[in-house]
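Each chain is listed here by its residues.
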Amino acid sequence: MVDVGAKSETHRIAIAQGSIRMKPATFSLVKTGTSKKGDVLGVARVAAIQAAKRTSELIPLCHPVPLTSVAIEFELDGKASRVTCRATVECVAKTGVEMEALTAVQVGLLTIYDMCKAVDRGMTMDDIRVIEKRGGKSGTYKAR
């Protein structure tokens, strides 16, 4: 791991997002909460939060970070049969939370896939990225 001992603790925020595309019929199941496995977005939200909290257990050289907030939002696009997951993760620490935000998004999308794969194995996940980062020595980053 990188030595962050000399760094100052600052308020840090990372926002990541990504999407999953599916068949219109699958999108309808997600939107209405009528999947055989239950409330897809509710379960995906909890999975994403858990993933953010356990990121350092999954990514070998990632520091454990004391998270102060994890918020997960889903945006549904019926025209494209797409669900976008956005994770906002915050902490007061010596290192940032980009990995926690990215992990939350990916696990949220994987959970949607898992809960719907019986009806649509062709779902695709894409555009997973950090869209904003604030705090720390390097300052603010916003994706274009």
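Here's what I pulled together on the structure shown here.

About the thresholds
- Residues numbered from 1 in each chain as written.
- Predicted model: local features only at pLDDT ≥ 70, side-chain atom pairs only at ≥ 80, totals over all residues.
- Heavy atoms only, no water.
- Pairing = 2+ DSSP bridges.
- Helix = DSSP H or I, 4+ residues; strand = E, 2+ residues; numbered from the N terminus.
- 1 Å grid on protein atoms, 1.4 Å probe; cavity = no way out; pocket = protein on both sides within 12 Å on 5 of 7 lines; lining within 4 Å.
- Points joined across faces, edges and corners; volume = space filled by probe spheres on them.
- Nonpolar A, V, L, I, M, F, W, Y, C, P; charged D, E, K, R; others polar.
- Axes fitted to C-alpha atoms, helices over the stretch in contact; angles between N-to-C directions.
- Left-handed = near helix turned anticlockwise from the far one by under 90°.
- Contact = heavy atoms within 4.5 Å.
- Expected span 1.5 Å × (residues − 1).
- Buried < 20%, exposed > 50% of the residue type's maximum accessible area, 1.4 Å probe, protein only.

### Observations concerning the sheet that holds strand S4 (residues 124-134)
Neighbouring strands of a sheet are bound in pairs by backbone hydrogen bonds; such pairs are parallel or else antiparallel. Strand order in the open sheet made by the five strands is S2-S3-S1-S4-S5, with antiparallel pairing throughout. Looking at strand neighbours, the two that pair on one side only are strand S2 (67-77) and strand S5 (141-142), the edges of this open sheet. With 10 bridges joining them, S2 and strand S3 (residues 82-93) adopt antiparallel strand pairing. When the bridges of S3 are listed, Glu-73 appears paired with Arg-86.

### Quick look at the layout of surface pockets
Counted as a void, the largest pocket has a volume near 170 Å³. Lining the largest pocket are 14 residues; nearest its centre among them are Val-2, Leu-61, Cys-62, His-63 and Thr-95. Residues that form the lining of the largest pocket fall into these classes: eight nonpolar, three polar and three charged.

### Quick word on the packing of helix H2 (residues 40-53) against helix H4 (residues 98-116)
At their nearest, the axes of H2 and H4 sit 7 Å apart, and the two run at 145 degrees to each other. The hand of the H2/H4 crossing is right-handed. Touching Val-40, Leu-41, Val-43, Ala-44, Ala-47, Ala-48, Ala-51 and Ala-52 of H2 are Glu-100, Thr-103, Ala-104, Val-107, Gly-108, Thr-111, Ile-112, Met-115 and Cys-116, all from H4.

### Let's talk about H4
Because each turn of an α-helix spans 3.6 residues, side chains separated by three or four positions in sequence point in the same direction. In a regular helix each residue adds 1.5 Å, so 19 residues correspond to 27 Å; H4 covers 28 Å between its end C-alpha atoms and thus fits that length. Buried within H4 are the following residues: Glu-100, Ala-101, Thr-103, Ala-104, Val-105, Gly-108, Leu-109, Thr-111, Ile-112, Met-115 and Cys-116.

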